[in-house]
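One letter stands for each residue in the lines below.
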Amino acid sequence: MEGNSGGGGGGADRGGGGGERGGNDVELVCKTLQVEHKLFYFDLKENPRGRYLKISEKTSATRSTIIVPSAGISWFLDLFNYYVNSDERDLFSKELQLDSKVFYFDIGENRRGRFLKVSEASVSRNRSTIIVPAGSTRDEGWAAFRNILADINEASRLFILPNQQSSEPSEHLVGLSDDVGAGFISGHNQPTSNSDLNVDRSVELPAQEEIGNMGVSKVIRVDQKRFFFDLGSNNRGHFLKISEVAGSDRSSIILPLSGLKQFHEIVGHFVEITKDRVEGMSGANVRTVDPPQR
DNA sequence: GCGGCGA
């Protein structure tokens, strides 16, 4: 795999046919991936309307492109992790809704092997599809694709300048909390089994230097314990780390953001059913040390 | 050196 990261906003589109609509778009990252005889181009681009990832599949005969809004890149990463890591028997179709677009992920198989079909459907444009071969051994085609997505996801984060007020970080949270349709939808009539996406991930601890980069932290103090809430990300995606610190003991759980909404709902459930008890007891020793909420 | 998709 040849990973060229060509930065350079200058004179990128040259030599005929390169320029897409919106010639102002700046290329932040360009990568290519060869899987069997297909070539995939990954272009992270930015224009005044925002940032997006263009993924093109090229074969000798066909050329096909999907456009992933920047908020969807980490979702794509999560989904490819799911298809790489899950047992072959447990693979289902998935849907990912972002703004007005819907991406469909479907497994297929023919005599050439297994493949993952990723289709983009939007109101305005025709449906477009790329097909990623699983690869001959251990899904290495999907894994390589996943690795590129991880690189780009990371790079996209780094391209946010520290003093630049970008809407990027909140974008992820907005997509999770506001939009009912955002996130994964099981394609088959399986009961909602989003959790199977997360199972193996909570095992891996993030690299320490990744933590605290996103500048969103909260602390609460309960009795002798403190709980730290930190957003972070690693090559497997974005997560919320919740650390319990009591004396010299410390332990953490890593919650992928794809599970945050469910987590919130469950916590809300327990808040509700224990409300009387908590208010009955003195709530005095439970308090937030953060700026008060509005 | 494949070939899927969907028209």
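That block above? That's the structure.
Enquirer: Which parts of the structure should I look at to understand helix H1 (residues 73-85)?
Expert: Note: α-helices contain 3.6 residues per turn, so residues at a spacing of three or four share the same orientation. Between its terminal C-alpha atoms H1 stretches 18 Å, which fits the 18 Å expected from 13 residues at 1.5 Å a residue. Within H1, eleven of the 13 residues are buried, which leaves it mostly tucked inside the rest of the structure. Taken residue by residue, H1 has Ile73, Ser74, Trp75, Phe76, Leu77, Asp78, Leu79, Phe80, Asn81, Tyr82 and Tyr83 as its buried positions.

Enquirer: I would appreciate a short explanation of the protein's contact with DNA strand B in the present structure.
Expert: The immediate surroundings of DNA strand B are formed by 16 residues, with Glu36, His37, Arg112, Phe115 and Thr129 found nearest. Elements represented by at least two residues in the surface near DNA strand B include exactly strand E6 (101-110), strand E7 (113-121) and strand E8 (128-133). Residue contributions to the surface near DNA strand B peak at four residues, all from E7. Classifying every residue of the surface near DNA strand B gives three nonpolar, eight polar and five charged.

Enquirer: Before we go on, may I ask you to explain the nonpolar core in this structure?
Expert: Across soluble globular proteins, you tend to see nonpolar side chains buried next to one another. Core analysis: the biggest nonpolar cluster contains 37 residues, and Phe145 and Leu149 have the highest contact counts within it. Examining the composition of this core, we find that eight residues originate from one element, H1, more than from any other. If near-sequence neighbours (up to four positions away) are discounted, Leu149 is found in contact with Ile73, Phe76, Leu77 and Phe80.

Enquirer: Hey, could you run me through the packing of H1 against helix H2 (residues 140-158) in this one?
Expert: Remark: H1 packs on H2, axes separated minimally by 9 Å, with the N-to-C direction vectors making an angle of 155°. By the angle between their directions, the pair H1 and H2 is classed as roughly antiparallel. Of the two elements, H1 crosses H2, and the hand of that crossing is left-handed. Each of Ile73, Ser74, Phe76, Leu77, Phe80, Asn81, Tyr83 and Val84 in H1 lies in contact with H2, whose residues at this interface are Trp142, Ala143, Phe145, Arg146, Leu149, Ala150, Ile152, Asn153 and Ser156. Of the residues belonging to the contact of H1 with H2, the class tally is twelve nonpolar, four polar and one charged.

Enquirer: What's the story with the environment of Glu109 in this structure? I'm lost.
Expert: Note on placement: Glu109 falls in strand E6. Taking the number of C-beta atoms within 10 Å as the measure of exposure, Glu109 has 10 and is therefore exposed. Here the alpha-carbon distance between Glu109 and Pro133, two residues 24 residues apart in the chain, equals 9.4 Å.

Enquirer: What am I meant to see in the sheet that holds strand E1 (residues 26-35) here?
Expert: Neighbouring strands of a sheet are bound in pairs by backbone hydrogen bonds; such pairs are parallel or else antiparallel. Spatially, four strands are ordered E1-E2-E3-E4 in an open sheet, and the strand pairing comes out antiparallel. Either end of the sheet is taken by a strand with one partner, and the two such strands are E1 and strand E4 (63-69). The mean inter-strand angle of the sheet, taken between neighbouring strand axes irrespective of direction, is 15°. Where E1 meets strand E2 (residues 38-47), nine bridges bridge the pair, whose relative direction is antiparallel. Counted as the bridge partner of Lys31 is Phe42 from E2. Here H2 sits on the sheet and contacts E1, E2 and strand E3 (50-58); the angle it forms with E1, its principal contact strand, is near 170°.

Enquirer: It is not clear to me how the pairing of E7 should be interpreted in this structure. Could you clarify?
Expert: Regular strands place side chains that alternate from one sheet face to the opposite one. Where E6 lies against E7, nine bridges are found, and the strand directions are antiparallel. For Asn110, the partnering residue across the bridge sits in E7 and is Gly113. In textbook terms, the turn of a hairpin is the stretch between consecutive antiparallel strands, and for E6 and E7 this stretch comprises two residues. For E7 and E8, the ladder comprises six bridges, and the chain directions are antiparallel. Counted as the bridge partner of Leu116 is Val132 from E8.

Conventions we followed
- Residues numbered from 1 in each chain as written.
- Chains lettered and ligands numbered in written order.
- Predicted model: local features only at pLDDT ≥ 70, side-chain atom pairs only at ≥ 80, totals over all residues.
- Helix = DSSP H or I, 4+ residues; strand = E, 2+ residues; numbered from the N terminus.
- Expected span 1.5 Å × (residues − 1).
- Buried ≥ 20, exposed ≤ 12 C-beta atoms within 10 Å, placed from the backbone.
- Near = placed C-beta within 6 Å.
- Nonpolar A, V, L, I, M, F, W, Y, C, P; charged D, E, K, R; others polar.
- Core = buried A, V, L, I, M, F, W, Y, C linked by C-beta atoms within 7 Å.
- Contact = placed C-beta atoms within 7 Å.
- Axes fitted to C-alpha atoms, helices over the stretch in contact; angles between N-to-C directions.
- Parallel < 35°, antiparallel > 145°, perpendicular 65-115°, else oblique.
- Left-handed = near helix turned anticlockwise from the far one by under 90°.
- Pairing = 2+ DSSP bridges.

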